[in-house]
Amino acid sequence: RQEALDAINATDTRRLDELLRRIGKPGQMEDIATALGQLDLNNPVAVNNFIRSTQNPSLWDYVTELYINSILSGPKTHIINELSNLVNMAISPVERFAAAGVERGLAPLQRRSVERFFAEVSADTYGAIEGIREGIHAGLSTLKNGVTPAQASKWEFRRTAFKGRLGRVILAPGTALEAADAVNYAMHYRAALIALVIRQARRERLTGTQYLDRIAELKLNPVEALSGKRNLMKEAATVAEYRLFRQPPGELTAGISHLRAVFPPLKFVIPFINTPVNLLKFGLERSPLGAFNPSLWRNLAAKNPEASDQIARVFLGSALAALIAWKFQEGRITGAAPRNQKARDQFYAEGKQPFAVKIGGYWIQYQRFEPFNQPIAQVASALAAMEAKDKSAPDKIGEAAITIATNLVSQSYLSSLGTLLDATSDFGRSGEAFLTRTASGMVPFSSALRTVAQQIDPTVRKPTTIPERLESGLPVLSKQVPPRMTGPKGKRKVVRRQSPAWSPITFSKGIGP
């Protein structure tokens with residue numbers, strides 16, 4: 001692809017001819033050459049469509065594209081994606097305020113000038129609001145063209161197998177997520193850019209009209225700062241990518257991605273890798289464990305003001321941890337369900353749910369409050385392990401680690417991996433579930449169909465065979481699957497869902513105070 005772009009830009013006829021021979025099939029090269037001659041290089045969407053039209057997808061490309069878009073088709077995925085982005089946007093000015101406070105104490109200790117300012121807080125908020133209009137245009141453009149404006153401007157196009165109208169339908173779930181991210185990207189970018197402009201003007205110690213003139217100048221030309229060595233637009237783009245959990249992968253993540261490319265069936269076990277890893281990093285940075293981040297200590301040693309940003313995140317995460325510990329002691333936050341059968345039955349009999357918080361008489365699961373579920377789960381799991389009086393200290397540490405890992409693997413983006421791991425110990429039950437889950441992903445819009453089935457049929461079903469597992473995710477047919485029953489013999493009753501099927505956050509009514 002890059003060779004094609006380079007050859008087009010350089011109008012290198014020899015390279016173009018060679019590329020045509022490589023990408024074209026016998027009898028098609030003349031048509032491709034004609035289309036290339038009519039290509040408008042100033043239209044990124046047209047370039048995108050041309051490059052895609054020359055690609056020959058493999059069978060695996062079709063299968064994985066159908067599978068991934070099918071499991072992304074449910075409303076839960078799109079709702080939690082937007083909720084995570086909105087919460088993330090809301091805490092951005094809070095973190096800037098905390099970072100400015102940390103900087104007031106850290107900068108004098110390190111004998112350097114202050115480089116984080118309280119004025120960035122209002123600038124961040126103003127920038128996010130200013131970016132709404134730009135974001136809406138970007139989102140609509142993505143829905144129309146199937147590629148975000150940012151990708152189009154850099155000629156970064158994802159490969160697609162399905163094309164034409166059929167492709168637009170099958171790829172609709174992924175396109176909708178990209179459109180939502182395009183809206184949020186514009187808001188994060190504009191918020192970061194305005195905040196960085198204010199930071200730069202403050203760094204230069206300007207006041208009065210000089211300060212206001214410098215802000216106006218930097219808004220008009222954000223590429224230039226100081227002596228032209230800083231690019232505020234690039235820095236803002238980096239912040240926006242970080243806030244959307246899209247920063248470049250590390251060596252381990254890149255290695256796993258390469259392994260999936262070499263062995264495509266792994267995509268059914270780990271359909272997503274970069275975003276989950278970034279979500280995990282984001283959550284850990286905002287937890288007490290963030291204090292052990294090597295990057296924090298390197299920045300402190302180098303007297304880098306980014307240390308103030310990192311300390312602020314750890315501080316906010318620790319404050320949240322203290323609140324969680326308090327509520328856990330009051331019995332209003334839960335970790336994993338007890339392993340002991342008697343304690344487990346009592347746990348559910350009280351209307352509790354694992355990894356949940358009690359609000360207004362209802363137990364509401366926090367597992368989908370990504371990425372902020374990780375700090376909550378860490379503290380709740382650690383406290384639950386500490387309360388186990390019949391276990392030694394090493395056992396308590398191991399129990400807490402297992403619970404935290406269980407919460408992580410149970411996340412929606414790693415659920416296939418969790419099911420596969422369960423299958424290694426109980427293939428008869430979990431192995432069948434993994435195979436059924438994979439097979440159902442081959443049904444177009446399977447996740448959306450499952451949501452419809454659960455919404456019109458609130459009864460929780462208990463499938464025992466592969467056909468029943470497939471039927472349980474299809475509207476109307478799900479009613480043929482036996483219901484799940486609970487309670488002692490003679491008083492057993494059908495289990496029904498209390499929360500809407502479309503909601504990513506499940507809840508149940510608590511019993512007792």
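Treat the numbers as computed from the prediction; the structure is a model and nothing was measured.

1. Focus: the nonpolar core
Core analysis: the biggest nonpolar cluster contains 18 residues, and Tyr189, Ile215, Leu232 and Ala236 have the highest contact counts within it. Mapped onto this core, the elements with two or more residues apiece are helix 10 (172–203), helix 11 (208–220) and helix 12 (232–243). At 10 residues, helix 10 tops the list of elements feeding residues into this core. Core analysis: the next-biggest nonpolar cluster, separate from the first, contains 11 residues, Phe355, Ile376, Val379 and Ala380 among them.

2. Side note on the pairing of strand 2 (residues 362–365)
Along strand 2, the buried face is formed by Trp363 and Gln365; none of Tyr362 and Ile364, which line the opposite face, is buried. The sheet contact formed by strand 1 (residues 356–359) and strand 2 spans four bridges and is antiparallel. Paired with alanine 356 across the strands is glutamine 365, a residue of strand 2. Counting the residues in the hairpin turn of strand 1 and strand 2 gives two residues, including glycine 360, whose phi is positive at 60°. Sheet topology note: the strand 2/strand 5 (residues 507–509) ladder contains three bridges and is antiparallel.

3. Thoughts on the packing of aromatic side chains
Applying the stated criterion across every chain yields a total of six aromatic pairs. A centroid spacing of 5.1 Å and a plane angle of 90° characterise the contact between phenylalanine 245 and phenylalanine 282, whose relative ring orientation is edge-to-face. Here phenylalanine 245 is found in the loop between helix 12 and helix 13 (251–262), whereas its partner phenylalanine 282 is found in helix 15 (residues 274–285), with 37 residues between them in sequence. Through a chain of ring-to-ring contacts, the aromatic side chains of Tyr242, Phe245 and Phe282 assemble into a single cluster. Over the aromatic face of phenylalanine 282 sits the side chain of arginine 286, whose NZ or CZ is 3.6 Å from the ring centroid.

4. Overview of the sheet that holds strand 1
Strand pairing in a sheet is mediated by backbone hydrogen bonds. Such pairs are either parallel or antiparallel. With antiparallel pairing, the three strands of this open sheet are ordered in space as 1-2-5. The open sheet has two edge strands, strand 1 and strand 5, and neither has a second partner. Across the sheet, the mean angle from the axis of one strand to that of its neighbour is 25°, orientation sign disregarded.

5. Structural notes on the side chain of arginine 112
Structurally, the position occupied by arginine 112 is in the loop between helix 6 (75–109) and helix 7 (119–145). Of the polar contacts made by the side chain of arginine 112, one reaches the side chain of glutamate 103; its length is 2.5 Å. A distance of 3.4 Å separates a polar side-chain atom of arginine 112 from the backbone oxygen of lysine 303.

6. Comments concerning helix 10
Because an α-helix completes one turn every 3.6 residues, residues spaced three or four positions apart along the sequence face the same direction. Relative to the 46 Å expected for 32 residues at 1.5 Å per residue, helix 10 spans 45 Å between its end C-alpha atoms, a close match to the ideal helical length. The buried fraction of helix 10 amounts to 26 of the 32 residues, a majority that puts the element mostly inside the structure. Just downstream of helix 10, arginine 205 is the residue with a positive phi angle, here 60°.

7. A short note on the confidence of the model for the protein chain
On average, residues of the protein chain score 79 in pLDDT, and 75% of them reach the 70 mark or higher. Segment residues 1–5 is flagged for pLDDT under 50; beyond a separation of four residues in sequence, or across chains, it makes 12 contacts in the model.

8. As for a nonpolar patch on the surface
Together, Ile129, Ile132, Ile136, Leu140 and Leu143 give the surface a local cluster of nonpolar side chains, amounting to about 460 Å² of exposed area. Its place among the elements puts leucine 140 in helix 7. You can call leucine 140 exposed: its relative accessible area is 53%.

9. Examining helix 16 (residues 294–301)
A side-chain oxygen of the first residue of helix 16 lies 3.1 Å from the backbone nitrogen of serine 295; this N-cap is asparagine 293. Of the residues trailing helix 16, lysine 303 is marked for its positive phi of about 60°.

10. Some words on the pattern of salt bridges
In this structure the tally under the stated criterion is 15 salt bridges. We note a salt bridge from aspartate 309 to arginine 116, for which the minimum N-O separation is 3.1 Å. Here aspartate 309 is found in helix 17 (residues 306–329), whereas its partner arginine 116 is found in the loop between helix 6 and helix 7, with 193 residues between them in sequence. Through salt bridges with shared partners, a single ionic network connects Glu95, Arg243, Glu285, Arg286 and Arg313.

11. Quick look at the environment of glutamate 115
Looking at the element boundaries, glutamate 115 is found in the loop between helix 6 and helix 7. For the pair formed by glutamate 115 and glutamate 204, sequence separation is 89 residues and the distance between their alpha carbons is 9.9 Å. Those residues in contact with glutamate 115 that sit more than four places away from it in its chain are Glu103, Glu120, Arg199, Arg203 and Pro305. Among the polar contacts listed, one links the side chain of glutamate 115 to the side chain of arginine 203, at a separation of 2.9 Å.

About the cut-offs
Residues numbered from 1 in each chain as written. Predicted model: local features only at pLDDT ≥ 70, side-chain atom pairs only at ≥ 80, totals over all residues. Heavy atoms only, no water. Core = buried A, V, L, I, M, F, W, Y, C linked by side-chain atoms within 4.5 Å. Buried < 20%, exposed > 50% of the residue type's maximum accessible area, 1.4 Å probe, protein only. Helix = DSSP H or I, 4+ residues; strand = E, 2+ residues; numbered from the N terminus. Pairing = 2+ DSSP bridges. Phe/Tyr/Trp six-rings, centres within 6.5 Å; stacked < 30°, edge-to-face > 60°. Lys NZ or Arg CZ within 6 Å of the ring centre and 35° of its normal. Axes fitted to C-alpha atoms, helices over the stretch in contact; angles between N-to-C directions. Polar contact = N/O pair within 3.5 Å; in protein donor to acceptor, adjacent residues only side chain to side chain. Expected span 1.5 Å × (residues − 1). pLDDT = per-residue confidence, 0-100. Contact = heavy atoms within 4.5 Å. Patch = residues over 30% accessible without salt bridge, like charges linked within 9 Å, V, L, I, M, F, W, Y side chains within 5 Å. Areas by Shrake-Rupley, 256 points an atom, 1.4 Å probe, with all protein chains shown as cover. Salt bridge = Lys/Arg side-chain N within 4 Å of Asp/Glu carboxyl O.

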